[in-house]
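Here is how the chains run, residue by residue.
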Amino acid sequence: MKELKNSLNGEGMKIAIAVARFNEVVTDKLLSGAVRQLESLGVSEKDITVAHVPGAFELPGICRKFVNSKKFDAVIALGAIIRGETSHYDVVVNASTGGIAALAAEGKVPVILGILTTDTVDQAMNRAGLKAGNLGCNWATTAVEMVNLYKEI
């Protein structure tokens, strides 16, 4: 039996991050957590590329461009969709998460779904570093681990 080992060594990796500006008070925190974690895992600041897009709906498109460029070892999509008073929330959640999931399933490079879907701003802020830790850090760790797993296959 061959067992693939999990490695969190990010040295030499090139990582792209797509981040939504909508709900920027949340996404800025997710981005800073992700960048800080990538650097702590050995990814050089010069090897991290960040693209800001208007909202979560635009994340799948820019992530596809990153993947198709063949310049990156992994792509992280960061966004925050907070439920409002209309069904627009459901449309954006389904389109953005479905688009990222479909891209990830292609398996060209790891594509990490880092989109918060919450009922309130407080819930989002808690997941961006206030109470529940910063999920941006977790998604950055996932990216490095998945790049290393892809390399072993």
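Residues numbered from 1 in each chain as written. Predicted model: local features only at pLDDT ≥ 70, side-chain atom pairs only at ≥ 80, totals over all residues. Heavy atoms only, no water.

Participant: Tell me about the nonpolar core, and please be specific about residues and values.
Facilitator: Grouped together as the largest cluster of nonpolar side chains are 27 residues, with contacts concentrated most on Ile15, Ile17, Val26, Leu38, Ile76 and Leu78. Contributions of two or more residues to this core are made by β1 (15-20), α1 (24-40), β3 (74-82), β4 (111-118), α4 (121-127) and α5 (135-152). (Core = buried A, V, L, I, M, F, W, Y, C linked by side-chain atoms within 4.5 Å. Buried < 20%, exposed > 50% of the residue type's maximum accessible area, 1.4 Å probe, protein only. Helix = DSSP H or I, 4+ residues; strand = E, 2+ residues; numbered from the N terminus.)

Participant: Describe the environment of alanine 140, naming the residues involved and giving the relevant values.
Facilitator: Positionally, alanine 140 belongs in helix α5. Along the chain, alanine 140 and alanine 34 lie 106 residues apart, while their C-alpha atoms are 5.1 Å from each other. With residues up to four places along the chain from it excluded, the contact list for alanine 140 reads Ala34, Gln37, Leu38, Leu41 and Ile76. (Contact = heavy atoms within 4.5 Å.)

Participant: So, the packing of aromatic side chains: which residues are in play, and what are the values?
Facilitator: On inspection of all chains with the given rule, the structure shows one aromatic pair. Each ring, one from phenylalanine 66 and one from phenylalanine 72, has its centre 5.1 Å from the other, and the planes form 80 degrees; the classification is edge-to-face. On the accessibility criterion, phenylalanine 66 (10% relative accessible area) is buried. Residue classification places phenylalanine 72 among the buried residues on the basis of a relative accessible area of 13%. (Phe/Tyr/Trp six-rings, centres within 6.5 Å; stacked < 30°, edge-to-face > 60°.)

Participant: Lay out α5 in plain terms, naming residues and giving numbers.
Facilitator: The end-to-end C-alpha distance of α5 is 26 Å, a good match for the 26 Å that 18 residues give at a rise of 1.5 Å each. Of the positions making up α5, those classed as buried are Gly136, Cys137, Trp139, Ala140, Thr141, Ala143, Val144, Val147, Asn148 and Leu149. With a side-chain oxygen positioned 2.7 Å from the backbone nitrogen of glycine 136, the residue opening α5 is asparagine 134. (Expected span 1.5 Å × (residues − 1). Polar contact = N/O pair within 3.5 Å; in protein donor to acceptor, adjacent residues only side chain to side chain.)

Participant: Give a detailed account of the environment of valine 93, specifying residues and quantitative values.
Facilitator: Its location among the elements puts valine 93 in helix α3 (residues 88-105). Looking at valine 93, the relative accessible area reads 14%, which means it is buried. Setting aside chain neighbours within four positions, we find valine 93 in contact with Ile81, Gly98 and Thr117.

Participant: Account for the sheet that holds β4, with residues named and values stated.
Facilitator: The pairing of strands in a sheet happens through backbone hydrogen bonds and is either parallel or antiparallel. Judged by pairing direction, the sheet is parallel, and its four strands sit side by side in the order β2-β1-β3-β4 without closing on themselves. Edge positions in the sheet fall to β2 (48-53) and β4, since each of these pairs with one other strand and no more. Taking the axes of each pair of neighbouring strands and ignoring which way they run, one obtains an average angle of 15 degrees across the sheet. As defined by bridge partners, β1 adjoins β2 across six bridges and the pair is classed as parallel. The residue bridging alanine 18 from the neighbouring strand is alanine 51, located in β2. In the packing of α5 onto the sheet, the strands contacted are β3 and β4, and the crossing angle to β4 comes to about 160 degrees. (Pairing = 2+ DSSP bridges. Axes fitted to C-alpha atoms, helices over the stretch in contact; angles between N-to-C directions.)

The quantities given are spatial measurements derived from coordinates; they are silent on function.
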